[in-house]
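Examination of the molecular architecture
Listed below are the residues making up each chain.
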Amino acid sequence: MVSEQLNVLLVGAGGREHAIAWKLAQSEKVAHIYVAPGNGGTQFDKVSNVPIGVEEFDKLVAFAIENNVGLVIPGPEQPIVLGIQSVFKKVGIPCFGPSSKAAMMEGSKTFSKDFMKKHGIPTAAYENFTDFEKAKAYVESVNYSVVLKASGLAGGKGVLIPTNKQEAIEGLRSIMVDRAFGSAGDEVVVEEFLEGEELSVLAFSDGYTVIALPPAQDHKRALDGDQGLNTGGMGCYAPTPIGTQALMDQVKRTILQPTIDGMRRDGFPFVGMLFTGIMLTSSGPKVLEYNVRFGDPETEVVLPLLSDTTDLAEVLMACVEGRLDAISITTKKAHAATVILASGGYPGKYPTGKEIVLSEIPQDVTVFHAGTEIKNSTLVTAGGRVLAVSAVASTLREAVDKAYAGVKAIQFQDMHYRTDIAHRAFKHATEDKNTGLSYASAGVDIDAGNLLVQKIKPLVKSTKRVGADSDIGGFGGLFDMKAAGFHDPILVSATDGIGTKLKIAQICNIHNTVGIDLVAMNVNDLIVQGAEPFFFLDYFACGKLEVDVATDFVAGVVEGCLQSGAALVGGETAEMPGLYAVGDYDGAGFTVGAVERSKILPRMDTIREGDVVLGLTSSGVHSNGFSLVRKIVDSQPGLSYHTQCPWDTSKTLGEALLTPTRIYVKQLLPVVRNELVKAMAHITGGGFLDNIPRVMPEHLAVVIDAASYELPPIFKWLKQAGDLSPYEMSRTFNCGIGMVMVADRALVPEILRLLEPNEKVIELGHVVTREALGGKEVEVRNTHGW
């Protein structure tokens, strides 16, 4: 809590700073607000200007100390990126703004795009370039429209949206060769052009908690109808009708919270205002860019929507003190609109020094000064964007009308403004007049399902094989067994799921490996019966269909099919709101293969005492035992799926645990066709103790020598961290062996010839009589080395 009155130093000179000062001045906890350098409107009540530039850190620090400043708020991006936070941290004055490292999220688009890729935050496909010729070649190679972004700070103007490849190449030349944006264009991000509606989300954060304000929509183009040049913003309104509660919940879950968590885990926690530009694409919300400060003109429209009981000073102090979760932030049940009044010629060359005449401003309208100053006791223009006229009302239509009524009370020479602020919202209102119920209103998005099919069709097609063309979209999948070359086939089928490993995938936002697990769990169960997998079908169920997540999942299924030689011939996507929570999904699979009648496994009648037991290594836990794995992880203080993996420091724990299940089909088919093995067991849930007996005759048993191989580090860690007994290990996990074979010792050299050097084959033990083991089916010996 702010226990004594606070002096605030607000750094900046625009409409954003005026709006922040205006809201802070309403706080009884604030004694005085100093604005450096301020403008013609930031001198009222307990607000005064200080003639110090935003980058004059030494002077700002000296002033803050002399005037007992208890909080510094940097407005524009330049001082934040230059490290104003650390400057004031050194003298013990809290700063509502991120460190210079965290500010790289705005200061370098290359940095922010790489961050999003690392943390699985949805954004457009992209590549980074420092060489013009390489960037040009990339633009010429892609089959989609692109956006060009100067990586560095360019005053909000370093983005070009070409309409064709020639314009794109000319744009690259202007940024990288002609240096239109100076050093900001030393590196360029070329990214996929996203289509949809934009919205801006401003969110408070203390490095852990993130609380979003109502979603706003900016108007970047200078002229009506979204025509003309790009500007810093010609108007704004909030909340947007497209920013439904369901959408904002999704934005927080998939974008805002993962961003804050990722920054903290990467060593640069974010404290301040995270301003995220989002595009609502047909496959869900995606990040356009991050800004690390209050937006302008978004601030002028969202701060007036804060409730009268929400104290901005208290909120900002809670952020810098790491206790945002203890503060209540509420907003009015109202709408706000802002119209920017600009100098004639903006965003190009424009005159300044024009006298501004303010008549009586209507009620519920506030005029925030941006490019203004007082000269000889006269208010005059001093910038491109001069004033922001904001209004609050119970409806958006009323708020917009009030804002334009405020505009009519202001005059200066060559004053320019857009007359269509919020036009997209009004278009939405017209389109949405039909209030009848729909499948979409019930939470099922057929369009998203159709889009998913289009996205995965080329992936699925890549799995085609003899007997199947892997076309999807029909009512069923076909397979031609005659074309597959079988003479007297027996069909073999299997079905399985992934289990609670999915929870880790959802926590880590890594969805492209669990599809491999799904295929592996099914096709490995076919090969142990001697069968070659023919085709696979998948089932994906979710609370809300997020197209990119589902696409990643299917991409994993496709990879599993390619590894096993199975054709993906179909599947089902089920969106079931109410049955699954938003963000949750489950997957199941079904596979069919065949084996010649004479080569079916196991051949139990041929297994003899003394036969050798061979093992093929696993890639990790595979897909079983994850309920125990998760319980062990939860029992470790300070450990999470995002922290460094205890046994592999190159990965996070989540990444290591999500290593996909090995698929053994292609390497084992020659062994099976040459009838070199008598039985095989896929080591899944139940470990050695429950899986090996499934392929053994009743009177025989198996001895496993644990000393025949070294227990992999992941299992050593699980055993130690969970204090697991060797018995529990060998009946729960695969313990480093994913596939077991029983064979005549005389055939081992031929088995090794076919499998090595690409496969490590371990002689695990041998077959004995069950009587010799006192009735036990499997005995694992020499586990003291575990």
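Look above for the structure.
All right, on to the sheet that holds strand 11 (residues 217-218) then. An order of 11-14-17-22-19 is seen for the 5 strands of this open sheet, with the pairing classed as antiparallel. Each having just a single partner strand, strand 11 and strand 19 (365-369) make up the two edges of the open sheet. Across 4 bridges, the pairing between strand 14 (residues 235-238) and strand 17 (residues 335-342) is antiparallel. In the strand pairing of strand 17, cysteine 236 is matched with threonine 338. Of the strands in this sheet, strand 14, strand 17, strand 19 and strand 22 (385-393) are in contact with helix 12 (residues 396-407), which crosses strand 17 at around 30°.

A side chain with one charge may pair with a side chain of the opposite charge, provided their charged atoms come close. The tally for this structure, following the rule as stated, stands at 38 salt bridges. Among the salt bridges present, the one from arginine 323 reaches glutamate 314, with a minimum N-O distance of 3.2 Å. Looking at arginine 323, the relative accessible area reads 17%, which means it is buried. Take glutamate 314: its relative accessible area is 7%, and that puts it in the buried class.

A sheet is described by the order of its strands in space; here 6 strands give the open sequence 29-31-28-32-30-33, paired in mixed fashion. Two strands in the sheet have a free side with no partner beyond their single neighbour: strand 29 (679-682) and strand 33 (778-781). Across the sheet, the mean angle separating the axes of adjacent strands is 25° when strand polarity is ignored. As judged from the 6 bridges shared by strand 28 (residues 612-617) and strand 31 (residues 737-743), these two strands associate in the antiparallel manner. Paired with valine 613 across the bridge in strand 31 is valine 742. Contacting strand 29 and strand 31, helix 16 (residues 514-527) crosses the sheet at an angle of about 165° to strand 29.

Here we take up the environment of glutamate 675. In this fold, glutamate 675 is placed in the loop between helix 20 (665-673) and strand 29. Between the alpha carbons of glutamate 675 and lysine 599 there is a distance of 7.1 Å; along the sequence they are 76 residues apart. In contact with glutamate 675, other than residues within four places in its own chain, are Ser598, Lys599, Arg603 and Leu747.

What counts and how
- Residues numbered from 1 in each chain as written.
- Predicted model: local features only at pLDDT ≥ 70, side-chain atom pairs only at ≥ 80, totals over all residues.
- Heavy atoms only, no water.
- Pairing = 2+ DSSP bridges.
- Helix = DSSP H or I, 4+ residues; strand = E, 2+ residues; numbered from the N terminus.
- Contact = heavy atoms within 4.5 Å.
- Axes fitted to C-alpha atoms, helices over the stretch in contact; angles between N-to-C directions.
- Salt bridge = Lys/Arg side-chain N within 4 Å of Asp/Glu carboxyl O.
- Buried < 20%, exposed > 50% of the residue type's maximum accessible area, 1.4 Å probe, protein only.

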